[in-house]
Amino acid sequence: MGLREAIQGEQAEPVDSSDPILAAYRWMLTARLLDERLAAMYRAGSIYGGVFLGKGQEALSVALGQALCSSDIYAPLIRDGAGRLAFGESIHDALRNCLGSPKGPMQARDGNVHRGRPKEGYLPMLSHLGAMISVVGGMLMARRIKGVSMGVGATCIGDGGTSTGAFHEAINLAAVEKLPLVIVVANNHYAYSTPTSKQFACDSLVDKAIGYGVEGHCVDGTDLIDCQKVIGKAVDNARSGKGPQLVVGELLRLCGHGEHDDAQYIDKALKSSSKGRDCMEVAENYLISTHQVPAQQLIEIRDAALQAIEVAVEAVSLESPPQVVNYDWCALATRRLADPPR
Ligand SMILES: Cc1ncc(C[n+]2csc(CCOP(=O)(O)OP(=O)(O)O)c2C)c(N)n1
Ligand SMILES: [Mg+2]
C-alpha cells in the first residue's frame with residue numbers, strides 16, 4: 001500500500017492527473033501557505049523546537065514528489081513540504097508532528113522535520129546532511145536481494161550536505177551497484193550561513209557526478225516546468241536501469257535556515273539575480289500567460305488551500321496530547337510505530 005492509500009481522506013489536494021502543472025502548483029502553494037502558518041504558530045509559542053521552511057524550493061521539491069510512484073521510496077528533507085504533499089502526505093500529518101499529536105506518524109516523539117511512514121516507503125529523515133542516501137540505497141539493495149520489484153529510490157540533499165563523508169560513501173556505492181537512485185541537490189548557496197565558496201572548489205556541484213560515474217543534470221530550481229522536465233527524465237532514467245542520477249537545482253533559500261535565523265548574511269547580488277527568483281511567482285506567471293489559466297482560478301486554488309489548512313489546524317489542535325508516563329517507548333522498527341494507530 002502506498003502513502004496516499006494509507007492516509008486516505010486526509011490528502012492536501014486530490015491528484016489532478018489531467019494537468020500535472022496545475023497539480024504541482026496546488027501542492028507548491030499549499031506547502032508555502034502551510035509553512036507560513038507553521039511559522040506564525042512557532043512565533044506564537046505553539047510549536048516547540050525548531051521550524052524549518054522550504055520557501056523558494058517548492059518547485060524543485062514538488063517535481064520530485066510528483067515524479068515518483070506510490071511504490072517508490074522517498075526520503076525528503078526539511079525543506080520538502082511541497083514534495084511531501086505531492087507524494088501523498090496529508091496536511092494533518094504534517095501538523096500532527098509539529099503540534100505533538102500522538103495520532104501523527106511519529107506518535108508525538110519528534111518535531112516537524114523527522115516524520116514519515118517507513119512502511120509506505122516514505123522515510124523520516126535521520127539527518128539533513130547525507131545520511132538518507134545510504135538508507136535509501138540500503139532499501140533498494142534489500143529489495144534487490146529479496147527479488148521484489150525495486151522501483152526508484154529518491155532523496156534530497158543540500159549543497160552543504162554534498163561535502164560530507166556520508167554523501168561520498170553512499171553515492172559511490174550506489175554507482176557501483178547501479179542502483180535506481182535519484183539524488184536531488186537543492187543548491188541554495190548556503191549551508192546555514194556558510195556560502196558555497198567555503199564549501200567546495202568545483203565550478204558546479206554537478207561536476208561531482210562524473211567523478212562517481214553517475215549521470216548528472218542541471219536544473220533551474222526556480223522554474224517549475226524545467227524542474228518537472230529534468231527531474232522527470234532523471235526518474236525515468238533510474239527506472240529504466242541507467243543507474244543513479246544526480247540532479248542539481250540552482251535556487252536560493254528565501255528565508256532563514258530556520259525561523260530563528262533572519263538570514264541577513266545572504267548576498268544581495270545573489271538575491272537580485274535569477275537564482276533569487278521566487279518559484280511561486282515564476283509558476284504563477286507561466287500559468288496565467290502561457291498555460292492560459294484564468295487568474296481567478298489561481299485565487300480559488302489559494303482560497304481552497306487556506307481553508308484546507310485551517311480545517312486541519314483546528315482538527316489537529318483538538319487531538320489529545322501524548323500521555324508520556326504511560327507511553328510504550330518501543331523502537332521505531334517495531335510494528336506500532338511503523339503502523340501508527342488511526
Ligand atoms: C553532522 C551534523 N552537523 C551539523 C548539523 C546542523 N545542520 C543541520 S542542516 C545544516 C546546514 C545544511 O546545509 P545544506 O546541506 O546546504 O542544506 P540547507 O539547509 O541549505 O537546505 C547544518 C549545519 C547537523 N544536522 N548534522
Ligand atoms: Mg544549502
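Reference entry: report on the structure contained in this document. Quick caveat, the model's predicted, so the values are computed rather than measured. (Residues numbered from 1 in each chain as written. Chains lettered and ligands numbered in written order. Predicted model: local features only at pLDDT ≥ 70, side-chain atom pairs only at ≥ 80, totals over all residues.)

Let us now look at the overall build of the protein. On a plain count of helices and strands, the protein comes out with 13 helices and seven strands. In terms of C-alpha radius of gyration, the protein reaches 19 Å, essentially the compact-globule figure of 20 Å for 342 residues. Along the three orthogonal principal directions, the C-alpha set of the protein runs to about 50 × 50 × 40 Å. Residues counted as buried form 47% of the 342 residues belonging to the protein. Contacts in the protein between residues far apart in sequence, at least 24 positions, make up 72% of those at least 6 positions apart. (Helix = DSSP H or I, 4+ residues; strand = E, 2+ residues; numbered from the N terminus. Rg over C-alpha atoms; globule rule 2.2 N^0.38 Å. Buried ≥ 20, exposed ≤ 12 C-beta atoms within 10 Å, placed from the backbone. Contact = placed C-beta atoms within 7 Å.)

Okay, the packing of helix H2 (residues 20-43) against helix H11 (residues 279-289) next. The axes of two packed helices give the description: the angle between them and the distance between them. Running from N to C, H2 and H11 cross one another at 145°; their axes reach a closest spacing of 11 Å. The crossing of H2 and H11 is left-handed. Side by side, H2 and H11 meet where Ile21, Tyr25, Met28, Leu29 and Arg32 of the first sit next to Met280, Ala283 and Leu287 of the second. (Axes fitted to C-alpha atoms, helices over the stretch in contact; angles between N-to-C directions. Left-handed = near helix turned anticlockwise from the far one by under 90°.)

Our focus in this paragraph is H2. Taking 1.5 Å of rise per residue, the 24 residues of H2 would be expected to cover 34 Å, and the 35 Å separating its terminal C-alpha atoms lies within 8% of that figure. Of the residues flanking the end of H2, it is glycine 45, one or two places downstream, whose phi is positive at about 85°. (Expected span 1.5 Å × (residues − 1).)

A separate point is unusual backbone geometry. Although it is not a glycine, lysine 178 adopts a positive phi angle of roughly 50°. When you line up the elements, lysine 178 lands in the loop between helix H7 (165-176) and strand E3 (181-187). According to the C-beta neighbour criterion, lysine 178 is partly exposed, with 14 such atoms within 10 Å. Within the chain, tyrosine 192 stands out as a residue other than glycine whose phi angle is a positive 55°.

Among the nonpolar cores identified, the biggest contains 89 residues, and Met28, Val182, Val184, Ile231 and Val247 are the most heavily contacted of them. With sequence-adjacent residues up to four places away left out, valine 247 is seen in contact with Val182, Val184, Val185, His217, Val219, Val230, Ile231 and Ala234. (Core = buried A, V, L, I, M, F, W, Y, C linked by C-beta atoms within 7 Å.)

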